[in-house]
Amino acid sequence: MKIAVCAKQVPDATVHKRIDPGTKRLDRTGEGALNPTDVNAVEEALRIKEARGDGEVVVVSLGPSRAMDSLRKALAMGADRAVLVADDAAAGSDLVATSYALAKALERESPDLVLFGQQSSDSDGAVLWAAVADRLRRPLISQVAHLTVGDGTVTGKRQTEFGYDVISAPLPAVVAVSDAINEPRYPSLKGIMGAKKKPAEELSLADLGIEADRAGEPGSRTTVVALGPPPSRGDTVKIEDDGSAASKIVEYLAEKRLL
Amino acid sequence: MTTLVFLEHHHDPAGGAELQKGSLGVLAKALSLGGDVAGVVLGSGVGDAAAGAGAVKVFVCDDPALASPLPQPRVDALATLVARTGAETILFAASVLAADVAAGLAARLEAGINWDVTDLVVEDGELLAKRPALGDTVMVDAGWKGTPRIALVRSGAFDPAERAGTPEVEEFASELQEHSTLAELVGQEQEEASGPSIEDADVIVAGGRGLGAPEGFRLCEELAQALGGAVGATRAVVDAGWYPYSTQVGQTGKSVSPKLYIACGISGAIQHKVGMQGSGTIVAINKDPNAPIFDFADFGVVGKLEDVVPKLTELVRARRGG
Ligand SMILES: Cc1cc2nc3c(=O)[nH]c(=O)nc-3n(C[C@H](O)[C@H](O)[C@H](O)COP(=O)(O)OP(=O)(O)OC[C@H]3O[C@@H](n4cnc5c(N)ncnc54)[C@H](O)[C@@H]3O)c2cc1C
Ligand SMILES: Nc1ncnc2c1ncn2[C@@H]1O[C@H](COP(=O)(O)O)[C@@H](O)[C@H]1O
């Protein structure tokens, strides 16, 4: 079975995320990391492959060339290959443009199963899979917290506002997993060394036959008109625990008459 | 200028389909912006559901293929309706179902989609979406290039209005794409709540994955007991089976507004935040100084739960004489 995992590089959690006021795009110059919830998707793909004893896991991404550094973490965990669509003309792609480019890259791979993570930490969309599934014309199961892969079918259990739904679909299918689905492994030293030798391919838009007006800003259908400060959140206090935090919380609560 | 509002309904086991409060809030907002506004109800045996919308035009597609709460046949139905009505704006209230319908429709129609929208305004005749981004650290005015435009509104952004009268219902039929009916609902579980509801509690001590294991919840339970409060949880731990679904706070769980909310080992994802930001005072304990929860907690402690929470419980007990 061939499994493609859509994963992206995001600013590392320690980087203060900001939108560049000039370009009105996310500043991606700081340190990057593999999007945390995509690590769960990689882990799930590896577990499916291991349980079946055969297959291939390929990571598919759209992002700048340097995103490959983050995709290597997936290779170090055990993924077989990485495919990165990197092109200056793709910068500033919104959901319409991103889903088009990813669908093109996925069509080229033609996997049995496409996995997505729960959400990008820089967009908080948790929606991209639905656009990609529509373009690929494949059945979709999203927010899956428990996944079983049978012969030619996938079944996912997922939470909704009303309880849990169990949904089944024939392969090939698109599945987005939640961050509760598994506890990802850490890459071993051997895995990290081995990742350097694994195939890591960079593709341009032209390589995938993507027309210039369907990528980047020309291919996007949304705009950022203005940026402003967030709604005020009042006074906040943050302290480091030096052994006295508990009594400081009690003092604070007493002052607010909450005890 | 026609605006369509996706009116999500839920079939409760006792029978009957009810329109969701979030969608009715978006409908109220759309009506306040003016223009032609119509609701859309998509389902099977949902004839009565439209009544909840009040006196407004409602398009209804009643089709057995729409019986289950699955997104793809709904994308087909909305695409059919947009082609027929020439609708320029399609609005959704965020939900597990609506998000997938909205994004699928965006791809189908090559339409721009803005999500996490907390307000919609018309400026110089153009629709603008206000949406906080990057963990609510910046407010973005987002627009669309051309039409149709799609917006996914954040949970709780708009309140429904009292709507009297009966809707003017127009039925329509939808063509279905082959791939849209391949996914199938094979089971559903509804969990009955047990114990007192967290929605009524004055104090909530909520736990997340930082508790490390199901047993970790003991820390929260003891503190909650000392404070006379209830225990809440994040989706991550509920989905992992550590704590019951009925205690989940957030977008797909409960919305709570206690006087005091103590978040233990919770990162503070937007979907959790929307369910508890109305709390009077928020205290957070997390070992990661970069956790987003510190951006909106009134009092944050960077520290380990195992160090802070037991001591806190002891001090509270001593003070309250418990
Ligand atoms: C459509 C959708 C709907 C969702 N609905 C909901 C919802 O209703 N409710 C909800 O909660 N989530 C919801 N989520 C999920 C949400 O995005 C987050 O994934 C989830 O809230 C994370 O839960 P968490 O904070 O427990 O786990 P994590 O994000 O893993 O955070 C755990 C935190 O614990 C801290 N920690 C670890 N060990 C310790 C220690 N020893 N001491 C102190 N701190 C420690 C870590 O630093 C970390 O910040 C939804 C997501 C989507 C996409
Ligand atoms: N540029 C990208 N390249 C590859 N996968 C992506 C990209 N952006 C988002 N994804 C995938 O889509 C999921 C949801 O993203 P989002 O809708 O942006 O929150 C992520 O968890 C990834 O699995």
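All chains use their own residue numbering, which begins from 1 and follows the written sequence. All chains are assigned letters beginning at A, and all ligands numbers beginning at 1, according to the order in which they are written. Reporting of local features is limited, given that this is a predicted model, to residues whose pLDDT is at least 70; pairs of side-chain atoms are given and counted only at 80 or more, and all residues count toward the totals for whole chains, interfaces and linings. To get the side-chain values, take all heavy atoms of the structure and skip hydrogens and water.

Engineer: Looking at this structure, how should I read the site of ligand 2?
Structural biologist: Residue and element names in this part refer to chain A. The near set for a molecule or strand comprises every residue that places at least one heavy atom within 4 Å of it. Every one of the 20 residues lining ligand 2 counts as a neighbour, but C6, D38, S120, S123 and A126 are closest to it. Any N or O atom pair separated by 3.5 Å or less is treated as a polar contact, with the protein-specific requirement of one donor-capable and one acceptor-capable atom, and with residues adjacent in sequence counted only for side-chain atom pairs. With respect to ligand 2, the backbone of C6 contributes an N or O atom lying 2.6 Å from an oxygen atom. Take A7: an N or O atom from its main chain is 3.4 Å from a nitrogen atom of ligand 2. Coverage of ligand 2 by the protein amounts to 96% of the 490 Å² it exposes when considered alone. Helix and strand labels come from DSSP, where a helix needs a run of H or I of at least four residues and a strand needs a run of E of at least two; each type is numbered from the N terminus. Going through the elements one at a time, β4 (56-62) and α4 (128-136) are the ones with two or more residues in the shell around ligand 2. Accessible areas in this description were obtained via Shrake-Rupley with a 1.4 Å probe; residue shielding takes into account the shown protein chains only.

Engineer: Can you walk me through the interface of chain A and chain B in this structure?
Structural biologist: Quoted interface sizes are often the accessible area lost when the parts come together. Contacts: residue pairs with any heavy atoms within 4.5 Å of one another. The interface of chain A with chain B comprises 82 residues on the first partner and 88 residues on the second. Two parts placed together each lose some accessible area under a 1.4 Å probe, and the buried area is that loss summed for both. When chain A packs against chain B, the two sides together hide about 7300 Å² of surface, and 57% of this comes from carbon and sulfur. Broken down residue by residue, the surface that chain A buries against chain B is led by Q159, F162 and Y164 of chain A, which jointly contribute 10%. Salt bridge, as applied in this entry: a Lys or Arg side-chain nitrogen positioned within 4 Å of an Asp or Glu carboxyl oxygen. Seen at the junction of chain A and chain B, the total is five salt bridges. Measuring nitrogen to oxygen at the nearest pair gives 2.7 Å for the salt bridge that ties E110 of chain B to R135 of chain A. Here chain A is connected to chain B by 42 residue pairs in polar contact (both at pLDDT 80 or more). If you list the elements that add at least two residues to the side of chain A that touches chain B, you get α3 (95-109), α4, β7 (140-149), β8 (153-160), β9 (163-170), β12 (222-228), β13 (237-240) and α6 (245-255) of chain A. Here the side of chain A that touches chain B takes nine residues from α6 of chain A, the largest share from any one element. The residue classification treats Ala, Val, Leu, Ile, Met, Phe, Trp, Tyr, Cys and Pro as nonpolar and Asp, Glu, Lys and Arg as charged. All others, Gly included, are polar. In terms of residue class, the side of chain A that touches chain B is built from 39 nonpolar, 20 polar and 23 charged. Examined bridge by bridge, β13 of chain A and strand β18 (residues 299-302) of chain B share four bridges and lie parallel to one another. At least two DSSP bridges between two strands are needed for those strands to be called paired.

Engineer: Just checking my understanding: could you explain the pattern of salt bridges for this structure?
Structural biologist: Pairing between side chains of opposite charge can happen when their charged atoms approach one another. Tallying each qualifying case throughout the model produces 30 salt bridges over all chains. Residue E170 of chain B pairs with R84 of chain B through a salt bridge whose shortest N-O separation is 2.3 Å. With E170 of chain B in strand β12 (residues 168-171) and R84 of chain B in helix α2 (residues 72-85), the pair connects residues that are 86 residues apart, well separated along the chain. Working definition: with a 1.4 Å probe on protein chains only, accessible area under 20% of the residue-type maximum means buried, over 50% means exposed, and in between means partly exposed. Here E170 of chain B falls in the partly exposed class, since its relative accessible area comes to 26%. Its relative accessible area of 45% is what places R84 of chain B among the partly exposed residues. Sharing partners across several salt bridges, the network here consists of K2, E56, R81, R108, E109 and E201 of chain A.

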